[in-house]
Amino acid sequence: MDLKKILIVGLGSIGLKHLRIAREIFPESIIGVLRHKKTNEVTADADKIFFDLSQALKFQPQIAIICSPASEHVKISSALVGQGVHVLIERPISDNQKGLEELNCKAIKNNCVLAVGYNLRFLPSLMKFKNLIDKNLIGNAYSVRSEVGQYLPNWRKTDYRDSVSAKKILGGGVLLELSHELDYLRWIFGEVESVQAEIGHQSKLEIDVEDTAHIILKFKESKNKSNLVASLNLDFIRHDKARICHVIGGKGTLRWNGLTGDIDLFEPDKTKWKNIYKYKMDQDGSYKDEWLHFIDCINKKITPKISFQDGIKVLNIIESIKIASSSGKKVLVK
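This structure is a prediction, so every number in the text was calculated from the model and none was measured.

Can you lay out helix 9 (residues 285-300) for me, pointing to particular residues and giving the numbers?
Taking 1.5 Å of rise per residue, the 16 residues of helix 9 would be expected to cover 22 Å, and the 22 Å separating its terminal C-alpha atoms lies within 8% of that figure. Listing the buried residues of helix 9 in full gives Gly285, Ser286, Tyr287, Glu290, Trp291, Phe294, Ile295, Cys297 and Ile298. At its buried positions, helix 9 is contacted by strand 1 (5-9), helix 1 (13-25), strand 4 (63-66), strand 5 (86-90) and strand 6 (114-117). Just beyond helix 9, the residue with positive phi is Lys301, at close to 55 degrees.

Listed below in structure tokens is the structure:
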């Protein structure tokens, strides 16, 4: 593919990252940026700045990376796909189900690649973690405990109250903003059958969305005829930033640290953890690999590693979690 024109939609922290990576990988391409707020600020690495969608469509990009608020993803993606543009949508694909199937059908009709930006799947440490589980290093998995959290005001570079994470209308809240965990858990352990949950706003943060979610995921029957159960905690309130997953099996426990790139093993009859894998974290590495995979899918006409249907399935789980929390009951995931 002779990539001449690239469009980045949204210029928050993730949009800036994608812009920088696009310029690094494709130094000769013309890169346009669609922003929702008018400004005279000069944007490094961008060749053109647009302030409405019609201008961006006239630019006629070949690919687009959607980094706008989740509530805008479907509308913008649909317009671009309608023009034959290949699209990578940053997670989550939307804040609700409206228009998703129509967008998917339009992409198929126009031969457009639709990929979803769950970049954790491109982390070498998480890929290794999955590989070790698949190879039965710790035997049958009996239980999973996953958590991710950090203090929202420390996460957002600007006033956290103005961020996407803080506002319901923009698709904020821990369920959508931290949905990476839901994606990688179903990638490793299969489809989720049912959920139970308690979500809420526990802190004094000035936001109108949930800052905490405690979730129980029951997976569909596995090859060893059991239904694996995972506990998942998501939050915006902890000061000790964490992203970690424990898998307890019949032959030991495996621990993945998503912040350090470490995998540790606790074997039966041992008294301490043993580090069995370490990968020096590269903040841009997984995003670069995601970009190269996206382009490869376009060139080879193959389905992305994280497909649009994967994004829909994560959103289905999120909606089931909301119902479970409000009803206090176990909810089957459609």
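Read on, since the account is not over.
Break down the packing of aromatic side chains for me, citing the residues and quoting the values.
Under the counting rule described, the total for this entry stands at seven aromatic pairs. Considering the side-chain rings of Phe189 and Phe219, the 5.8 Å spacing of their centres and the 55 degrees angle between planes classify their relative orientation as tilted. Separated by 30 residues along the polypeptide, Phe189 in helix 8 (residues 180-189) and Phe219 in strand 9 (residues 212-219) bring together distant segments of the chain. Taken individually, Phe189 and Phe219 each receive the classification buried, so the pair is uniform in this respect. Members of the aromatic cluster, connected to one another through ring pairs, are Phe129, Tyr184 and Trp256. One residue, Lys130, lies across the ring of Trp187, its end atom 5.5 Å from the ring centre. Taking the ring centre of Trp273 as reference, the NZ or CZ of Arg255 above it sits at 4.0 Å.

Can you explain the nonpolar core? Please cite residues and give values.
One finds Leu80, Phe129 and Leu217 to be the most contacted residues of the largest nonpolar core, which totals 81 residues. Once residues lying within four places of it in the same chain are set aside, the contact partners of Leu217 are Leu182, Leu185, Val192, Ser194, Val195, Leu228, Val229, Ala230, Leu232 and Ile317. Counting residues in each nonpolar core, the second largest holds 22 residues, with Ile8, Val33, Ile63 and Ile295 among its members.

Go over the sheet that holds strand 3 (residues 48-50), please, and point to the residues and values.
Spatially, six strands are ordered 3-2-1-4-5-6 in an open sheet, and the strand pairing comes out parallel. Both outer strands of the open sheet, strand 3 and strand 6, are each paired with one neighbouring strand and no more. In this sheet, adjacent strand axes meet at a mean angle of 20 degrees when their direction is disregarded. For strand 5 and strand 6, the ladder comprises four bridges, and the chain directions are parallel. Counted as the bridge partner of Ile89 is Val116 from strand 6. Those strands touched by helix 9 are strand 1, strand 4, strand 5 and strand 6, and its axis lies near 150 degrees from that of strand 5.

An account of the packing of helix 4 (residues 100-109) against helix 10 (residues 308-327) is requested, with residue identities and associated values reported.
One way to put it is that helix 4 packs onto helix 10 with a least axis distance of 11 Å and a crossing angle of 175 degrees. As far as their axial angle goes, helix 10 and helix 4 are roughly antiparallel. Counting all contacts with helix 4, which are made through Leu100, Glu101, Leu103 and Asn104, the residues of helix 10 involved are Phe308, Gln309, Ile312 and Leu315. Across the contact of helix 4 with helix 10, the residue classes break down as five nonpolar, two polar and one charged.

Please provide a residue-by-residue account of the pattern of salt bridges, values included.
On inspection of all chains with the given rule, the structure shows 23 salt bridges. A salt bridge links Glu193 to Lys218, with the nearest nitrogen and oxygen atoms 4.0 Å apart. Residue Glu193 is found in strand 8 (residues 192-200), and its partner Lys218 is found in strand 9; the two are separated by 25 residues along the sequence. Residue Glu193 is classed as partly exposed on the basis of its relative accessible area, which comes to 27%.

Explain the pairing of strand 9 to me, and be specific about the residues and the numbers.
As paired strands, strand 8 and strand 9 are joined by eight bridges and run antiparallel to one another. Following the sheet pairing, Val192 is matched in strand 9 by Phe219. Inspection of the sheet shows strand 9 paired to strand 10 (residues 229-235) by seven bridges, in the antiparallel sense. Considered in strand 10, the bridge of Ile216 is made with Ser231.

I'd love a proper account of the sheet that holds strand 8, names of residues and values included.
Here we have nine strands laid out as an open sheet, ordered 14-13-12-11-7-10-9-8-15, and mixed in their pairing. Of all strands in the sheet, those bounded by a partner on one side alone are strand 14 (274-278) and strand 15 (331-332). Relative to strand 12 (residues 252-257), strand 11 (residues 242-249) is paired through six bridges, and the arrangement is antiparallel. From the neighbouring strand, His246 faces strand 12, where its bridge partner is Arg255. The sheet contacts of helix 5 (residues 124-134) involve strand 11, strand 12, strand 13 (262-266) and strand 14, and relative to strand 12 the element is tilted by about 165 degrees.

The rules we used
Residues numbered from 1 in each chain as written. Predicted model: local features only at pLDDT ≥ 70, side-chain atom pairs only at ≥ 80, totals over all residues. Heavy atoms only, no water. Helix = DSSP H or I, 4+ residues; strand = E, 2+ residues; numbered from the N terminus. Expected span 1.5 Å × (residues − 1). Buried < 20%, exposed > 50% of the residue type's maximum accessible area, 1.4 Å probe, protein only. Contact = heavy atoms within 4.5 Å. Phe/Tyr/Trp six-rings, centres within 6.5 Å; stacked < 30°, edge-to-face > 60°. Lys NZ or Arg CZ within 6 Å of the ring centre and 35° of its normal. Core = buried A, V, L, I, M, F, W, Y, C linked by side-chain atoms within 4.5 Å. Pairing = 2+ DSSP bridges. Axes fitted to C-alpha atoms, helices over the stretch in contact; angles between N-to-C directions. Parallel < 35°, antiparallel > 145°, perpendicular 65-115°, else oblique. Nonpolar A, V, L, I, M, F, W, Y, C, P; charged D, E, K, R; others polar. Salt bridge = Lys/Arg side-chain N within 4 Å of Asp/Glu carboxyl O.

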